[in-house]
Amino acid sequence: MKYYIALFVMGVITNNYVLSKFLGICPFLGVSKKTNTAFGMSAAVIFVMLLATAATYPINSFLVAHKLAYLQTIVFILVIAALVQMVEIILKRYIPPLYQALGIYLPLITTNCAVLGVVILNVDSGYNFGRSMMSSFAAGVGFMVAMVMFSGVRERLESSDVPKFLEGLPITLIAASITSLSFLGFGGIVEGMGLI
Amino acid sequence: MAEKLTLKQEFTKGILKENPTLRLVLGTCPTLAVTTSVTNAIGMGLSAAIVLVCSNVVISALRKVISPKVRIPSYIVVIASFVTLVQMLVKAFLPALDDSLGVYLPLIVVNCIILGRAEAFAGKNPVLRSALDGLGMGIGFTLCLCAMGTIREILGNGTFLAGIADLLKVFGDNVFGGFNGFDLASHYPGGVVPMTVFILPAGGFFVFGMLIAAVNGIVERKGGKKAREPDCAACPMAGSCAEAGKSGAPKGEDCAVKNGAKAAAAEQAGTDGAPVPAPGTREGGEVA
């Protein structure tokens, strides 16, 4: 149990996927202009991360058992792409309200490096099924925390007076840098709480 | 657009005018993640460049065979195969680089530059042009990574090219006299304390922001346009974005092309406020 809490804290705060591992930067910069969009996108990411982990875990066991581990990258990306497509079709047909909420974000997630990243990192870390799922969930929640926090920062940036040479992308990146710096303060929290 | 460029321009546009990282703002994840040292930057840049050239050539050669409806999955398969090849080669010959790049090496598969060039260029142009385009873009990407890596390594670690021996090993042991980078900090009596924040994630965002600001400044002085705002314009998923915009969802505001950035942007999605995918782009591509 303790280990699961540690995984969660690490994924959300100390090893945040966006702010310390730089995975999923494209949506972080592209879809974070409004808080509700950021929220919808992150909800879809959590959903897909959990599904992708659940689907790739048995597949990876199969690959390893048949000495095909070198095919991981190619198999994982195809599984994720197919899965996302299938989920989209199923949701559209059977659960329209959920499709309304998440559907539009789903195709964008296929090539999101955070999803492939979490799957590969789980395999590399040798987590069992439970731990993989927890680590993916934490990664997704971490993504959401970063996105929602940063969308707040950006909404304020819109109305602030920025030096001309920093307008646009540069100031966004510098704001991201300060956001990332603030997460640095949590370093050592997992060890400090005696979770590992 | 592409037809008017000479072959040389096709090659050089990726290095300066349409630099994938600094001008088109693609492939930001590796740009920020692996640039803690120049050695990593070179390793990452060259790996991505190799994948880019190879996948551009294959995709361009197969462009008349691949049905438009299944082209994105086909591109992904081609790209993933080359990434796997590069990954195996790096693991075999440069294990130290494999350790330091870690998960970012397999993640070249989802690097937007590669899928973006496949979609915007290689799928529509002949083989030679695609190869040159890939080479130029790859070199542009590598140079940008090296610039980031140089700034971050010198300021954050007090070294330059540290660990380069691991890369030079490819040419044989001790060919370069065991050269393994410079330790700049040690040249000062009493030593200096490097600003560690620059090799931390926060420093990555900061240096990248400053670099883009500098490039924007130079380009603007010469009468060009600023680097585009980070939207999905040049991203291979722009078509889906545009569809999202159609359904009236808030997403459309972020993703519909805003500034009419040329290159990939113009080819992939509609214009201002009218997110209608251009004919032959990816509408419904993945649903098939």
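The structure presented is a predicted model; accordingly, all values stated were derived computationally and were not measured. (Residues numbered from 1 in each chain as written. Chains lettered and ligands numbered in written order. Predicted model: local features only at pLDDT ≥ 70, side-chain atom pairs only at ≥ 80, totals over all residues. Heavy atoms only, no water.)

Trainee: Quick question: what am I supposed to make of the interface of chain A and chain B here?
Mentor: Size of an interface, as often reported, equals the accessible area lost when the parts are brought together. Facing 48 residues of chain A, the contacting portion of chain B comprises 51 residues. Carbon and sulfur atoms make up 74% of the surface buried where chain A meets chain B, a total of about 4,400 Å² over both sides. Its largest share of buried area at the contact with chain B, chain A owes to Phe22(A), Thr111(A) and Leu169(A), together 15% of the area lost on that side. The interface formed by chain A and chain B contains 1 salt bridge. Between Lys164(A) and Glu220(B) there is a salt bridge, with the nearest N and O atoms lying 3.9 Å from each other. (Contact = heavy atoms within 4.5 Å. Buried area = accessible area lost by both parts, 1.4 Å probe. Salt bridge = Lys/Arg side-chain N within 4 Å of Asp/Glu carboxyl O.)

Trainee: Before we go on, may I ask you to explain the pattern of salt bridges in this structure?
Mentor: Between side chains of opposite charge, pairing is possible as soon as their charged atoms come close. Residues and elements named next belong to chain B. With the rule as written, the count across this model stands at 6 salt bridges over all chains. Among the ionic pairs, Lys13 bridges to Asp133, the shortest N-O distance being 2.7 Å. Placement of the pair is Lys13 in the loop between helix 1 (7-12) and helix 2 (28-33) and Asp133 in helix 7 (residues 127-157), with a sequence separation of 120 residues. Overall, Lys13 belongs to the buried group, its relative accessible area being 4%. Residue Asp133 is classed as buried on the basis of its relative accessible area of 0%. Ionic pairing is found between Asp133 and Arg117, a salt bridge with its closest N-O pair at 3.0 Å. Linking Asp133 in helix 7 with Arg117 in helix 6 (residues 112-122), this pair joins segments that are 16 residues apart in sequence. On the accessibility criterion, Arg117 (4% relative accessible area) is buried. (Helix = DSSP H or I, 4+ residues; strand = E, 2+ residues; numbered from the N terminus. Buried < 20%, exposed > 50% of the residue type's maximum accessible area, 1.4 Å probe, protein only.)

Trainee: Hey, could you run me through the environment of Thr84(B) in this one?
Mentor: Take Thr84(B): it is sitting in helix 4 (residues 71-93). For Thr84(B), a relative accessible area of 7% gives the class buried. Along the primary structure Thr84(B) and Phe160(B) are separated by 76 residues, whereas in three dimensions their C-alpha atoms are 30 Å apart. Thr84(B) has contacts with Tyr70(A), Thr73(A) and Ile74(A), leaving out every residue within four places of it along the chain.

Trainee: In this structure, what is going on with the environment of Ile80(A)? I would like to understand it.
Mentor: All names here are of chain A. With respect to the helices and strands, Ile80 occurs in helix 4 (residues 72-94). For Ile80, a relative accessible area of 1% gives the class buried. In contact with Ile80, not counting residues within four places along its chain, are Ala52, Thr110, Val115, Leu116 and Val119.

Trainee: Could you clarify how one ought to interpret the nonpolar core in this entry?
Mentor: Most often, soluble globular proteins keep nonpolar side chains buried together rather than apart. Of all hydrophobic cores here, the largest spans 112 residues; its most connected members are Phe28(A), Leu116(A), Leu107(B) and Phe205(B). Here this core gets 10 residues from one element, more than from any other, and that element is helix 4 of chain B. Sequence-distant contacts of Phe205(B), defined by excluding residues within four places in its chain, comprise Val18(A), Leu19(A), Phe22(A), Ile25(A), Phe28(A), Leu173(A), Ala176(A), Ser177(A), Ser180(A) and Leu32(B). Within the second largest apolar cluster, 5 residues are counted, among which are Val12(A), Ile46(A), Ala138(A) and Val141(A). (Core = buried A, V, L, I, M, F, W, Y, C linked by side-chain atoms within 4.5 Å.)

Trainee: Explain the confidence of the model for chain B here, please?
Mentor: Do not read the fine detail of predicted coordinates wherever pLDDT is low. Residue and element names in this part refer to chain B. In this model, chain B carries an average pLDDT of 75, and 74% of its residues clear a pLDDT of 70 or more. For chain B, the element scoring lowest by mean pLDDT is helix 12 (residues 264-268), at 35; helix 3 (residues 38-61) scores highest, at 93. Low confidence marks residues 239-288, where pLDDT is under 50. Its contacts with residues over four positions away, or in another chain, come to 106 contacts. For this predicted complex, the interface confidence comes out at an ipTM of 0.86, alongside a pTM of 0.81. (pLDDT = per-residue confidence, 0-100.)

Trainee: Would you take a moment to explain the packing of aromatic side chains for this structure?
Mentor: Geometrically, a pair of aromatic rings is defined through the distance of the ring centres and the angle of the planes. Taken as a whole and judged by the stated rule, the model has 7 aromatic pairs over all chains. Each ring, one from Phe8(A) and one from Phe137(A), has its centre 6.0 Å from the other, and the planes form 25°; the classification is stacked. Pair noted here: Phe8(A) is in helix 1 (residues 2-14) and Phe137(A) is in helix 8 (residues 129-158), with a separation of 129 residues, a long-range link. On the basis of relative accessibility, which here comes to 33%, the residue Phe137(A) falls in the partly exposed class. For the ring pair Phe28(A) and Phe205(B), a centre distance of 6.4 Å and an interplane angle of 50° mean the geometry is tilted. Taken together, the positions of Phe28(A) in helix 2 (residues 25-30) and Phe205(B) in helix 9 (residues 201-221) put the pair across two chains. Taking relative accessible area as the criterion, Phe205(B) reaches 0% and is therefore assigned buried. Each residue in the set Phe22(A), Phe28(A), Phe150(A) and Phe205(B) is aromatic and connected to the rest through ring pairs, giving one cluster. Just above the ring of Tyr94(A) sits the side chain of Arg93(A); from NZ or CZ to the centre is 5.0 Å. (Phe/Tyr/Trp six-rings, centres within 6.5 Å; stacked < 30°, edge-to-face > 60°. Lys NZ or Arg CZ within 6 Å of the ring centre and 35° of its normal.)

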